Amino acid sequence: MDNKRIYLSLSELSGFEQEYIQKALQTNWITSGGPNVDEFESVLENYLDEKLFVSALNSGTSAIHLALVLLGVKEGDEIICQSMTFSASANPILYQGAIPIFVDSELDTWNICPENLEIAIKDRIKKGKKPKAIIAVHLYGMPYQVDEIHSIADKYEIPVIEDSAEALGSSYKGKKCGSFGTLGILSFNGNKIITTSSGGALISNSKETKDRAIFYATQSKDAAVHYQHSEIGYNYRMSNICAGIGLGQIKILEENISLRQANHLFYKEIFKQVENAKLFDNLNNNIFSNYWLNAVLLKTEEEKESLRIAFEKANIESRPLWKPMHLQPIFKKYPYYGSRISEELFEKGLCLPSGSNLSNIDKNRIKEVIINFFK
Ligand SMILES: *Cc1c(COP(=O)(O)O)cnc(C)c1O
């Protein structure tokens, strides 16, 4: 058997992408914005919740940045952010000259901890500044504790930016992730559950906000025959070609989710037999994860590293969990609220191959490594 590399997460093409790209080329719609972009937005709106509005952008990172701009975040403002995440959740805070305040995770969902969130809010208010926004993340597709987090946010009247970059197709109590925040964001980067090659979206509750996001994303052009600008503009709009890929991809979103959930069941079956490892799983039936990535907690940091090396020897990619932001050199100096939950997750957690394209042969190779490792 050949020993081709098994990657952590690769997307597969549906075959329909070509058609939309061809149409864009034939009609000379090869700029940012255009009919594919409009259609992609409306397909996403129908998928998420008909009451929502989607602005298609060129990345999830730009969506988070525009969310901060739309909430009026300015230099010196404080923004609470889940520490356990990818740096793209937090970097835009610095783009605005604002100050990130990091909060630890809790063990059930690995996402922002409600208790520490409230402690952080109270303490920041006591120190003189009420946080301007909360960035909460559905890590690896697993919904955060939506009811708890949003009731705290509501209590203190702080808007939530819902980072749903990894959670398209996940839901909480039957409602789709991306629909809970004051503003939500999606990513369609190449490694996400569906891709536009590179892309993202901002989700809001009003046509006004949607249009405002597109205004900022297309260089903030005032209504004038010449180019006139009264506000800072950005070049953040999704291209019509990328949206064509997205329209082809969204046809296989449900299929991808089923495949990723099948991957999860595959791991569940294996780790049932392993005493000292805990597969990342949902807490109860209110929570429906798309299982974008599967991850496992080992007993020790050394064991995690040995398992990673065992995979590597079999030419299988695995990766430690996100290194928490409060431990990153660029973010170290900012305040942090919590204990060592996210640090321990980082030390002992390993992400496992979870692509929609894992074959049975791939799965057998993965299983063999795990079984031999724990023997
Ligand atoms: C991928 C990702 C982003 C950023 O999306 P891009 O489209 O890559 O800019 C933001 N947050 C999280 C949690 C992500 O995984």
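Here the structure is a predicted model, which means the values were calculated and not measured. (Residues numbered from 1 in each chain as written. Predicted model: local features only at pLDDT ≥ 70, side-chain atom pairs only at ≥ 80, totals over all residues. Heavy atoms only, no water.)

Peer 1: How should the pattern of salt bridges be read in this particular structure?
Peer 2: Close approach of charged atoms allows side chains of opposite charge to pair. The tally for this structure, following the rule as stated, stands at 20 salt bridges. A salt bridge links Glu 45 to Lys 210, with the shortest nitrogen-to-oxygen separation between them at 3.0 Å. Of this pair, Glu 45 sits in helix 2 (residues 35–48) while Lys 210 sits in helix 7 (residues 207–217), and the two are 165 residues apart along the sequence. Assessed through its relative accessible area of 13%, Glu 45 is described here as buried. One connected set of salt bridges, linked through shared partners, spans Arg 340, Glu 343, Glu 344, Glu 347 and Lys 348. (Salt bridge = Lys/Arg side-chain N within 4 Å of Asp/Glu carboxyl O. Helix = DSSP H or I, 4+ residues; strand = E, 2+ residues; numbered from the N terminus. Buried < 20%, exposed > 50% of the residue type's maximum accessible area, 1.4 Å probe, protein only.)

Peer 1: Can you walk me through the domain arrangement of the chain in this structure?
Peer 2: It is common to give the size of an interface as the accessible area lost on bringing the parts into contact. Examined at the domain level, the chain breaks down into domain 1 (17–251) and domain 2 (253–374). If you average the C-alpha positions of domain 1 and of domain 2, the two centres end up 25 Å apart. Between domain 1 and domain 2, a total of about 4,000 Å² is buried, with carbon and sulfur atoms accounting for 67% of that surface. Three residues stand out in domain 1 for area buried against domain 2, namely Trp 110, Tyr 140 and Ile 193, and they jointly supply 21% of the buried area on that side. Put simply, domain 1 and domain 2 have zero salt bridges between them. (Domains from an automatic or database assignment. Buried area = accessible area lost by both parts, 1.4 Å probe.)

Peer 1: Would you take a moment to explain the site of the ligand for this structure?
Peer 2: Taken together, the neighbourhood of the ligand is formed by 15 residues, with Gly 60, Thr 61, Glu 166, Ser 187 and Lys 192 sitting nearest. Within the side chain of Asp 163, one N or O atom sits 2.8 Å away from a nitrogen atom of the ligand. The contact in question runs from an oxygen atom of the ligand to an N or O atom on the backbone of Gly 199, over 3.5 Å. Against a free-state accessible area of 380 Å², the protein chains account for coverage of 94% of the ligand. In terms of residue class, the shell around the ligand is built from four nonpolar, eight polar and three charged. (Near = heavy atom within 4 Å. Polar contact = N/O pair within 3.5 Å; in protein donor to acceptor, adjacent residues only side chain to side chain. Areas by Shrake-Rupley, 256 points an atom, 1.4 Å probe, with all protein chains shown as cover. Nonpolar A, V, L, I, M, F, W, Y, C, P; charged D, E, K, R; others polar.)

Peer 1: Is there a simple way to explain the sheet that holds strand 7 (residues 175–176) in this structure?
Peer 2: The pairing of strands in a sheet comes from backbone hydrogen bonds and takes either a parallel or an antiparallel form. As summarised here, the arrangement of the three strands in space is 7-6-11, forming an open sheet in which the pairing is antiparallel. Unpaired on one side and paired on the other, strand 7 and strand 11 (287–288) mark the two borders of the sheet. Pairing of strand 6 (residues 171–172) with strand 11, which is carried by two bridges, proceeds in the antiparallel orientation. From the neighbouring strand, Tyr 172 faces strand 11, where its bridge partner is Ile 287. (Pairing = 2+ DSSP bridges.)

Peer 1: Even after reading the chapter, I still don't get helix 3 (residues 60–70), so can you show me in this structure?
Peer 2: Since there are 3.6 residues in each turn of an α-helix, residues three or four apart along the chain are aligned in direction. Counting buried residues along helix 3, nine of its 11 residues qualify, which places the element largely inside the surrounding structure. When helix 3 is considered as a whole, its buried residues turn out to be Gly 60, Ser 62, Ala 63, Ile 64, His 65, Leu 66, Ala 67, Leu 68 and Val 69. Of the residues flanking the start of helix 3, the one acting as N-cap is Ser 59, its side-chain oxygen 3.3 Å from the backbone nitrogen of Thr 61. Note on helix 3: the residue one or two positions beyond its end, Gly 72, has a positive phi of about 75°.

Peer 1: Help me understand the side chain of Asn 294 in this model?
Peer 2: Here Asn 294 lies in strand 12 (residues 294–297). Those residues in contact with Asn 294 that lie beyond four places of it in its chain are Arg 260, Asn 263, His 264, Tyr 267, Leu 350, Cys 351, Leu 352 and Ser 354. (Contact = heavy atoms within 4.5 Å.)

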